[in-house]
Amino acid sequence: MSWHPKGDALAIIVPCYKTKKKEKRGGGAAGERYIPVGREDNLEIAFTKHKKRIPITQLKTGEEILHFAWEPTGPRFGVIKGDSNSPDVVFYKIDHENNTINHLFELKKRSAIQLSWNPFGRYLVIAGDMLEFCDVNRALENQKLGKSEDEPVRVKHQSMNTLWWSPCGRYFSTAVVMSNFEDRRFAESTDTGYKIWSFQGDELTGFQISQFHQILWRPQPPSLLSDEDREKIMKNFKEYKNKFHAIDSKIIDEGKETNKKKKKK
């Protein structure tokens, strides 16, 4: 089970199987048993936004669900499903008004074990043998316009075993850490250390550190903006962008003018 961070929906993965296979252990009927084969998971979403009633909608995936992850700030979620060697990553969106689950798009045959959403949504890292940085909004827009999929941004951090987004959502960290119970005799030969990436997948820095155990981001204080304020800003983002771009240009021009006057003196 997985609660949405806002608490308005609960996802439940229900294992289902196509059939049963008879298996014999020893002689006679007592030695026979049936084992389930051909797993096909169902995903059930309980819409808890309305307190008086809690409707449940079922989604039949037809395959095993390997991983599930909610978008922290929105109604979307992603699942990794299918063959574990080359699974598909599929994105859906829930509709609270109609209690429905709507398919958005999918990325076929990915190296995927885990999905890690940006704290503010939209951006996602698909982690497996490689790290794939994905802009979900852009991928969805490309599909609506009938455009081909953008060239994925894939990077690699050898032996990586932990990953975290920064609280601001601008940076992503991966690390190779030692277990606290690992024998220190082998600590010098490990690839322990960490790397910092931009939210678009550019490697910013990296350090190899012997006996490295943990990396944590400093928490951000709660925002002074309400949810309504954030929605207003995102809705009028272009207007704010142009406004601040004009202010930046003015500051730059004033700085250039000041430098010219200093040179003349």
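Above this note sits the structure.
Residues numbered from 1 in each chain as written. Predicted model: local features only at pLDDT ≥ 70, side-chain atom pairs only at ≥ 80, totals over all residues. Heavy atoms only, no water.

## Re the state of the cysteines
- Enumeration over the complete set of coordinates arrives at 0 disulfides.
- Counting only cysteine sulfurs, Cys168 is the nearest neighbor of Cys134, a cysteine outside any disulfide, at a range of 19 Å. (Disulfide = S-S within 2.5 Å.)

## Thoughts on the pattern of salt bridges
- The tally for this structure, following the rule as stated, stands at 11 salt bridges.
- For Glu63, the salt bridge identified is with Lys81, shortest N-O distance 2.6 Å. Residue Glu63 is located in the loop between β6 (56-60) and β7 (65-70), and its partner Lys81 is located in strand β8 (residues 76-81); the two are separated by 18 residues in the primary sequence.
- With its nearest N and O atoms 4.0 Å apart, the salt bridge here joins Glu203 to Lys195.
- Taking the relative accessible area as the measure of exposure, Glu203 reaches 45% and is therefore partly exposed. (Salt bridge = Lys/Arg side-chain N within 4 Å of Asp/Glu carboxyl O. Helix = DSSP H or I, 4+ residues; strand = E, 2+ residues; numbered from the N terminus. Buried < 20%, exposed > 50% of the residue type's maximum accessible area, 1.4 Å probe, protein only.)

## Comments concerning the side chain of Asp8
- Relative to the assigned elements, Asp8 resides in the loop between β1 (2-3) and β2 (9-14).
- We classify Asp8 as buried; its relative accessible area is 15%.
- Beyond its immediate chain neighbours, meaning those up to four positions away, Asp8 contacts Ala46, Phe47, Thr48, Lys49 and His96. (Contact = heavy atoms within 4.5 Å.)

## Things to note about the environment of Leu66
- When you line up the elements, Leu66 lands in strand β7.
- For the pair Leu66 and Val125, spaced 59 residues apart in sequence, the C-alpha to C-alpha distance is 16 Å.
- Each residue touching Leu66, except ones within four places of it in the same chain, is listed here: Ile80, Lys81, Gly82, Asp83, Ser84 and Pro87.

## Details of the sheet that holds strand β14 (residues 153-155)
- Read from one edge to the other, the open sheet built from 4 strands follows the order β11-β12-β13-β14, with strand pairing classed as antiparallel. The outermost strands of the open sheet, each flanked by one partner alone, are β11 (114-117) and β14. Strand after strand, the sheet turns through a mean of 25° between neighbouring axes, direction not considered.
- Sheet topology places strand β13 (residues 131-135) next to β14; 3 bridges connect them, and they run antiparallel. Looking at the pairing, Phe133 lines up with Val153 of β14.
- Sitting on the sheet, helix α1 (residues 136-145) is in contact with β11, β12 (123-127) and β13, with an inclination near 65° to β13. (Pairing = 2+ DSSP bridges. Axes fitted to C-alpha atoms, helices over the stretch in contact; angles between N-to-C directions.)

## Here we look at the sheet that holds strand β5 (residues 42-47)
- Spatially, 4 strands are ordered β1-β2-β5-β6 in an open sheet, and the strand pairing comes out antiparallel. Looking at the sheet topology across the chains shown, the edges are occupied by β1 and β6.
- Sheet topology note: the β2/β5 ladder contains 6 bridges and is antiparallel. Bridging across to β5, Ile12 finds its partner in Glu44.

## Quick word on unusual backbone geometry
- A positive phi angle, near 70°, is found at Arg122, a position not held by glycine.
- Of note, Arg122 is situated in the loop between β11 and β12.
- Even without being a glycine, Gln211 presents a positive backbone phi close to 55°.
- Mapped onto the elements, Gln211 comes out in the loop between β18 (203-208) and α2 (227-235).

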